[in-house]
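# Analysis of the macromolecular model
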Amino acid sequence: MEVCSSATAILKPKFHHAPSSLILSCNSIARAPSTVACFKSSSLPILTYHNPFRCTAALSPATSVGSANPDVLPADLAVSQTTEPNCRVRLSVEVPPAVCQDCYKRVMREFMKQAKVPGFRPGKNVPERILIDYVGKKHVLKATVESILKRTLPHAMSSVTGNALQDSVQIVTKFSEMEENYSKFQSLRYDVVVDVAPEVKWTPEDGYKNLKIVVEIDSDINAQRTCELELKRRHKSLGVLRIVTDRGLQVGDVVVVDISAKTVDLDESNITNIKSAESTGFQFDTEDGDKVLPGFLESIVGIRRGETKSFSLHFPDNWRQENLRGVHAQFTVECKELFYRDLPHFDDSIADKLVPGCTTLEEVKELILQKCIEVEQTAREQATDNAILDQLCKMVDVEVPQSLFEEQGRQLYGAQLLEIQANTKFTDEQLATLSSPKSVNTFLNSQRENIIKVIKQNLAVGDIYKRENLQFSTDELVKEVENSIREFKLQNQEYDEERVKDQVQEILEGAKVLEWLKERAEIQYIGG
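Residues numbered from 1 in each chain as written. Predicted model: local features only at pLDDT ≥ 70, side-chain atom pairs only at ≥ 80, totals over all residues. Heavy atoms only, no water.

Let me state the cut-off plainly: UniProt positions are given in the numbering used here, feature names are shortened, and annotations may be inferred rather than shown by experiment.
The protein chain is annotated in an unreviewed UniProt entry as peptidylprolyl isomerase of Kalanchoe fedtschenkoi. According to its UniProt record, the protein chain has this under Sequence similarities (unreviewed entry): "Belongs to the FKBP-type PPIase family. Tig subfamily." In its Catalytic activity (unreviewed entry) section, UniProt records this for the protein chain: "[protein]-peptidylproline (omega=180) = [protein]-peptidylproline (omega=0)".

Structure follows, in structure tokens:
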């Protein structure tokens, strides 16, 4: 048995077969935001940082045009720029006839090289009319328009190069309209929209330099308390359950009950069963009475095997299930089995069973307490980071581009899906459903507020990193990239080394910002 297999094992007791409405949700150790990166680093803090300022003018795959280094055009383009809401820019591009004609000539030369026109040797000049008849006028037109787009788009984008968000460039003019335009006028007009990096405005300006943060610490992370609970849990695990035959239920017993519940209403026609509060064969450890509906344990104390008790209780107004808040319920509980724990004496003789290798209870307590202290420290640090990120979010005013919203949302959904998949075996059909555009869009719509909050935090962190000229060492980057790749290999997972490097760099940048902020912030801890 390990001293502490995980923070969850110590701080969050597990309950089996419990009616969902009876059990209070345990507070998390620290409400850590999901990581954007789909990998875990062995030593880096968990952050929701994605640098939005890594921009590119590369074309979106949706354009089907591709990007290229701009070459010299025979004439200048006419490009007008219009600012649209949500950090979007519209570029209206007019390509003059000279450029279109040059592109047409290139297309014809390429067709001449590749086409095997009957009666002409490969590579030999073929009269233009004959070549067009052989290739097809529509194919020539389409190829010419594509060539014009490929050559001119990098030039048209030059005004936003370095400021355009990755994969946000879209040619919004229909291809059929461009073909028609070129056919009539031997010139081309098209519109491009692109999301640009948003401007971060601070209120107050530079207010992040002297933050005042209040961090709420959950009492469940108190190292001394969790150490005592863990010792008690391990001691209980060594006990044997024995049937109670001569008395009723006492605190400390384990009882198996069937539970049914109905609403209490003066109008009997409105009385309904509360399905979420019902359970058959619910095994309830009475020492966990603080985890169930207030008054439930007290109402069943004294119940004997085979006996049934009925009682009414109110669901609190702050109950986690909104539909049950304030509901007056009538419970019926039947005792099916009743057990007491026959525990070994709590002395040095069981030390090795509590923690292998230990010879005294004092040694056991010391080892478990040390682990709990580590867990408490990690939780405090994460709670502090979260409080700082929340405060930054409130201090920035920024428009969120749609492409950035969708990218961040899809990454969060992907990370969530990977986490679920690690604990649940899905069929191919289930995976296909969960990965479908409909499922992703449902997530984006339902989590819009949370996604925007994460983006604002990321933008704030990225802006601070840039403003304060913060840096991390190359050695740090290399070390963490190696750690991440090693973990991928251990898990037999595929990875893109460049993508891993980018993600590690983003996390290191975020960690550096939080470190810088904490050194200058006034932090007050409450609770715990």
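## A few points about the overall build of the protein chain
Condition: Think of it this way: any DSSP run of H or I at least four residues long counts as a helix, any run of E at least two long counts as a strand, and we number them from the N terminus. Only protein chains enter the accessibility calculation, which uses a 1.4 Å probe; a residue is then buried when its area is under 20% of its type maximum, exposed when over 50%, and partly exposed in between. Any two residues whose heavy atoms approach within 4.5 Å are treated as being in contact. Working definition of accessibility: Shrake-Rupley area with a 1.4 Å probe, residue cover restricted to the visible protein chains.
Summing up its helical and strand segments, the protein chain has 15 helices and 13 strands in all. The buried share of the protein chain, taken over its 528 residues, is 42%. Put simply, of all contacts in the protein chain between residues at least 6 apart along the chain, 74% involve residues at least 24 apart. Accessible surface, the protein chain as shown: approximately 29,600 Å² in total, 47% of it carbon and sulfur.

## Some points on the side chain of Thr384
For the record, the criterion: Any N or O atom pair separated by 3.5 Å or less is treated as a polar contact, with the protein-specific requirement of one donor-capable and one acceptor-capable atom, and with residues adjacent in sequence counted only for side-chain atom pairs.
Structurally, Thr384 can be placed in helix 9 (residues 361–395). Within the local environment of Thr384, its side chain forms a polar contact with the backbone oxygen of Arg380, the two atoms lying 2.7 Å apart. If near-sequence neighbours (up to four positions away) are discounted, Thr384 is found in contact with Val215, Lys518, Ile523 and Tyr525.

## Quick look at the sheet that holds strand 2 (residues 88–95)
The following threshold applies: At least two DSSP bridges between two strands are needed for those strands to be called paired. Comment: axis = line fitted to C-alpha atoms, over the contacting stretch for helices; angle = value between 0 and 180 degrees taken between N-to-C directions.
Spatial strand order, 1-2-4-3: four strands in an open sheet with antiparallel pairing. Lying at the two open borders of the sheet, with one neighbouring strand each, are strand 1 (78–84) and strand 3 (170–171). When strand 1 meets strand 2, the two strands line up antiparallel, connected through seven bridges. Bridge pairing in strand 2 places Val79 opposite Val93. Seen against the sheet, helix 4 (residues 137–156) touches strand 1, strand 2, strand 3 and strand 4 (188–195) and runs at an angle of roughly 50 degrees to strand 4.

## Quick word on the pattern of salt bridges
The line we're drawing: Here, a salt bridge means any side-chain nitrogen of Lys or Arg that lies within 4 Å of a carboxyl oxygen of Asp or Glu.
Scanning all chains against the criterion turns up 31 salt bridges. As a salt-bridge pair, Arg90 and Asp191 come within 3.2 Å of each other at their nearest N and O atoms. Placement of the pair is Arg90 in strand 2 and Asp191 in strand 4, with a sequence separation of 101 residues. The exposure class assigned to Arg90 is partly exposed, which follows from its relative accessible area of 25%. Two residues, Lys291 and Asp290, come together in a salt bridge whose shortest N-O distance is 3.1 Å. Of the residues examined, Lys291 reaches a relative accessible area of 17% and is grouped as buried.

## Observations regarding the nonpolar core
Just so we agree on the cut-off: Definition used in this section: a nonpolar core is a set of buried Ala, Val, Leu, Ile, Met, Phe, Trp, Tyr and Cys residues joined via side-chain atoms within 4.5 Å.
If you look at the biggest cluster of nonpolar residues, it comprises 50 residues, and the most contacted ones within it are Trp202, Leu211, Leu392, Ile464 and Leu517. With eight residues, the top contributor of residues to this core is helix 13 (residues 448–467). One finds Val135, Leu153, Ala164 and Leu188 within the second-largest nonpolar core, a separate group that totals 40 residues.

## Quick notes on the packing of aromatic side chains
Put simply, the test is: In this analysis, rings of Phe, Tyr and Trp, with Trp reduced to its six-membered ring, are considered paired at centre separations within 6.5 Å, and the interplanar angle assigns stacked below 30 degrees, edge-to-face beyond 60, and tilted for intermediate values. When the NZ atom of lysine or the CZ atom of arginine is within 6 Å of a ring's centre and also within 35 degrees of its normal, the charge is said to sit over that ring.
Counting across every chain of the model gives eleven aromatic pairs. Measuring from centroid to centroid gives 5.0 Å for Tyr413 and Phe443, while their planes differ by 50 degrees, and the two rings are tilted. Remark: Phe443 occurs in helix 12 (residues 437–446) and Tyr413 occurs in helix 10 (residues 402–423); sequence separation between them is 30 residues. For Tyr413, a relative accessible area of 10% corresponds to the buried category. Overall, Phe443 belongs to the buried group, its relative accessible area being 11%. In this arrangement the basic side chain of Arg380 is found over the ring face of Tyr525, its NZ or CZ atom lying 4.3 Å from the centre. Arg448 extends its terminal NZ or CZ atom over the ring of Phe405, reaching a point 4.1 Å from the ring centre.

## Considerations on the packing of helix 10 against helix 12
Short version of the rule: Our angle categories are set so that under 35 degrees counts as roughly parallel, over 145 as roughly antiparallel, 65 to 115 as roughly perpendicular, and the remainder as oblique. Only Asp, Glu, Lys and Arg are considered charged in this grouping, and only Ala, Val, Leu, Ile, Met, Phe, Trp, Tyr, Cys and Pro are considered nonpolar; every other residue, Gly among them, is considered polar.
Two numbers describe how helix 10 lies on helix 12: the axes approach to 10 Å, and their chain directions differ by 110 degrees. With respect to each other, helix 10 and helix 12 are oriented roughly perpendicular. Facing helix 10, whose interface residues are Phe405, Glu406, Gly409, Arg410, Leu412, Tyr413 and Gln416, helix 12 presents Ser439, Val440, Phe443 and Leu444. Its residues assigned to classes, the contact of helix 10 with helix 12 comprises six nonpolar, three polar and two charged.

## Regarding the pairing of strand 11 (residues 328–342)
Where strand 7 (residues 240–243) and strand 11 come together, four bridges link them in antiparallel fashion. Paired with Leu241 across the bridge in strand 11 is Arg341.

## Side note on the environment of Phe331
By secondary structure assignment, the location of Phe331 is in strand 11. Overall, the relative accessible area of 0% leaves Phe331 in the buried class.

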